[in-house]
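Below, each chain spelled out in residue letters.
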Amino acid sequence: MGEGVGPRTAETAEGRDRAAQESAPDAAAPAASALPLPAGFRRARRKRTALTGNEAVALAMRQVEPDVVAAYPITPQTDIVQFFASFVADGRVKTEFVTVESEHSAMSAVVGASAAGARAMTATSANGLALMWEVLYIASGSRLPIVMPVVNRALSAPINIHCDHSDAMGARDSGWVQLWSEDAQEAYDNVIQAVRIAEDPRVLLPVMVCYDGFIISHALLNLEVLTDEEVKEFVGTYRPDRSLLDPDRPVTVGPLDLYDFYFEHKRQQAEAMAAARAVIPEVAAAYAALTGRSYGMMETYRLADAKAAVVVLGSAAGTARFVVDRLRREGRKAGLLKLRVFRPFPACEMADALRGLHAVAVMDRCDGFSAAGGPVFNEVRSALYGLHGERPDAARRPQGRAPNGPPLVVNVVYGLGGRDVDPGDVEAVFDLLFRHIEGEEPRGEDGAGVLSRSLRPSPNTEVHYLGVRE
Amino acid sequence: MREGAGWKEIPRGGLILEPGNAVAYETGDWRTFRPVWHEDRCIQCLLCWVYCPDAAIEVKDGKVTGVDYKHCKGCGICATECPDKAHALEMVREEEAGGDG
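Because the structure is a prediction, the values reported are computed rather than measured. Note on numbering: residues in each chain are counted from 1, in written sequence order. Going through the entries in the order they are written, you letter the chains from A and number the ligands from 1. Per-residue local features of the predicted model are confined to residues with pLDDT of at least 70, and side-chain atom pairs are confined, for both listing and counting, to 80 or more; whole-chain, interface and lining totals are unaffected and use all residues.

Visitor: Lay out the domain arrangement of chain A with the relevant residues and their values.
Guide: Residues and elements named next belong to chain A. Each domain's limits were defined by an automated method or a database of domain assignments. Domain annotation for chain A reports domain 1 (47-222 + 247-291) and domain 2 (302-466). In this complex, domain 1 contributes 26 residues to the contact, which on the side of domain 2 involves 21 residues. In this classification, Asp, Glu, Lys and Arg are treated as charged, Ala, Val, Leu, Ile, Met, Phe, Trp, Tyr, Cys and Pro as nonpolar, and every other residue, Gly included, as polar. Considered class by class, the residues forming the side of domain 1 that touches domain 2 number 14 nonpolar, six polar and six charged. A residue pair is marked as a contact if its C-beta atoms, positioned from the backbone, fall within 7 Å.

This is the structure:
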């Protein structure tokens, strides 16, 4: 079973939530972060269309119809650019399409276009994102609401075209909002919402829409799309308050800014990212009113009474959801936290969602090479540090040993360079967590049978490598 | 922007909303040495005015009248180019020169 296209192939978020409520006898809050639908909401009947992730994202871009798209092809993002170039050539969009000689130029061109007052988009992957690096910071520091799909792929070297998250994780501190997608439907939905998030006057920051290379970008999914008119109405017309092409109100963009004001501008930027915490759920609520699909900063699945859970982002969330259901049928209290928004990081919601658990595995599709765990692990564990010394609500602890501190948190690095992750792998992670909870120390690689086939501890006992060969 | 303004009151992202406001920026505050002009020794050859990479040599009616310390960065080119026989410009350490910077 391929992740992301397996257990929930044809399900919408709403359908999934409903299924969760029906199947979980204990589902007090199966999707605590899912936003309530407006009263009297009746879901419009929409035609389902089979699209790959890249087709869905290119469709969203066509429907948004930005003023400028400047992009350079790179696997696995390539067919977004190809499809969009066709839309331009066929006269289906009025977008100014700029063919550039590199990703550095692509990002520079959209920075210029956005500063000039245009709604501007590009898209990239892996080394293309790396080549954009310095300009990413110019986009965010200049507060330009650019939207960019990032089709996640491993970074060279050695060269590899398949999925992992090391590209976007490296850009996590570049000042861009990061939305992550579990499947093509969410990638499509995220692109449309990203436009409104980026352009909100409280935010005015660029937004990356991340989705897994090949697993999502090239797999077909039967998904629901909006009409062109609905998308255009949802994103509205971009009316920047300042632009370089407004001769009546001249403005300078990107000037020298030394010790006297640079710090104040960074403080503003920090505030804009914090404001995105409020804006993202607002935009999601408006989108839910239109589509019936609701998204929060994160999605919790059968977490309310869980003892062990995995935290995951991207397509592996689908595999994890499938495994949670399987373990629940066996009477094991497993749960899932799927992270949708990594920037801004929803630290408080994360701590609230995980506080009642005994053990948590944070899955990183990126090593980070900190020698102390991957990037998602470090942020999740940091969010939980505030729980130290706090007595958790005893009522939320079903039975057994109830630790007085925050849950045990371990890191699982998985799927690098496109290494497949199947339900058995995720089960191995839950096995590790349940063994921790039951007080049995997991043994190292010599402890055959204790750890399942694919989970290997590193010398740092908090970090485990899933699916790597010794 | 008001000097010392806080982050809530300045334009976002470094935008400059007032055109041509570079004239208000005094760039002469990083000098270590300053050129001191001696009118009595000056032969009015204007080489300092020609070579100054800024526009910090003040000239009126074809004659040097002094140095604009609001913009002079203290590079010393004027003093180097000043003919030896005149020696009308000499570089003096800021803390020894005193006066307005």
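After that view, the rundown keeps rolling.
Visitor: Any chance you could break down the confidence of the model for chain A for me, citing the residues and the numbers?
Guide: Residues and elements named next belong to chain A. A residue's pLDDT is the confidence the predictor assigns to it, expressed on a 0 to 100 scale. Here chain A averages 87 in pLDDT, and 81% of its residues register 70 or above. Taken together, the stretch residues 388-403 has pLDDT below 50 and engages in 15 contacts with residues farther than four places along the chain or on a different chain. Note that pLDDT drops below 50 for residues 443-453; the model gives that stretch 12 contacts with residues more than four away or on any other chain.

Visitor: Can you break down the pairing of strand β2 (residues 68-71) of chain A residue by residue, with the values?
Guide: Residues and elements named next belong to chain A. Residue alternation in β2 divides its side chains into two sets, Val68 and Ala70 and Val69 and Ala71, and both sets are buried. Viewed with both strands pointing away, a crossover whose connecting path from the first strand over the helix to the second turns clockwise is right-handed. Secondary structure is summarised from DSSP: a helix means a run of H or I of at least four residues, a strand means a run of E of at least two, and numbering begins at the N terminus for each. Handedness of the crossover joining β2 and strand β3 (residues 96-99) through helix α3 (residues 78-89) is recorded here as right-handed. The criterion for strand pairing is that DSSP finds at least two bridges linking the strands in question. Bridging between β2 and strand β4 (residues 120-121) involves two bridges; their strand directions are parallel. The partner of Val68 across the bridge, within β4, is Ala120. Burial is judged by counting other C-beta atoms within 10 Å of a residue's own C-beta: 20 or more means buried, 12 or fewer means exposed, and anything between counts as partly exposed, with every C-beta placed from the backbone.

Visitor: Describe the interface of chain B and chain A, and please don't skip the residues or the numbers.
Guide: Each partner contributes residues to the interface: chain B has 11 residues there, and chain A has 17 residues. Here the side of chain B that touches chain A is composed, by residue class, of seven nonpolar, three polar and one charged.

Visitor: Run through the nonpolar core, naming residues and quoting values.
Guide: A general feature of soluble globular proteins is that nonpolar side chains tend to end up buried together. All names here are of chain A. Ranked by internal contacts, the top residues of the largest apolar core, which has 142 residues, are Val110, Val207, Val209, Ala309 and Val311. Residue-level mapping places this core at the junction of two domains, with at least three residues from each of domain 1 (47-222 + 247-291) and domain 2 (302-466). Not counting chain neighbours up to four residues away, the residues in contact with Val110 comprise Val68, Ala70, Ala120, Met121, Thr122 and Ile146. Core membership is restricted to buried Ala, Val, Leu, Ile, Met, Phe, Trp, Tyr and Cys residues, and these are joined into a nonpolar core through C-beta atoms within 7 Å.

Visitor: Residue-level account of the pairing of strand β13 (residues 359-364) of chain A, with values.
Guide: Residue and element names in this part refer to chain A. Counting buried residues along β13, six of its six residues qualify, which places the element largely inside the surrounding structure. Side chains Ala359, Ala361 and Met363 project from β13 onto one buried face, and the interleaved Val360, Val362 and Asp364 project onto a second face that is buried too. Across four bridges, strand β10 (residues 308-312) lies against β13 in parallel orientation. Residue pairing for β13: Ala309 is matched across the bridge by Val360. By the bridge criterion, six bridges tie β13 to strand β14 (residues 408-414) in an arrangement that is parallel. Bridged to Ala361 within β14 is Val410.

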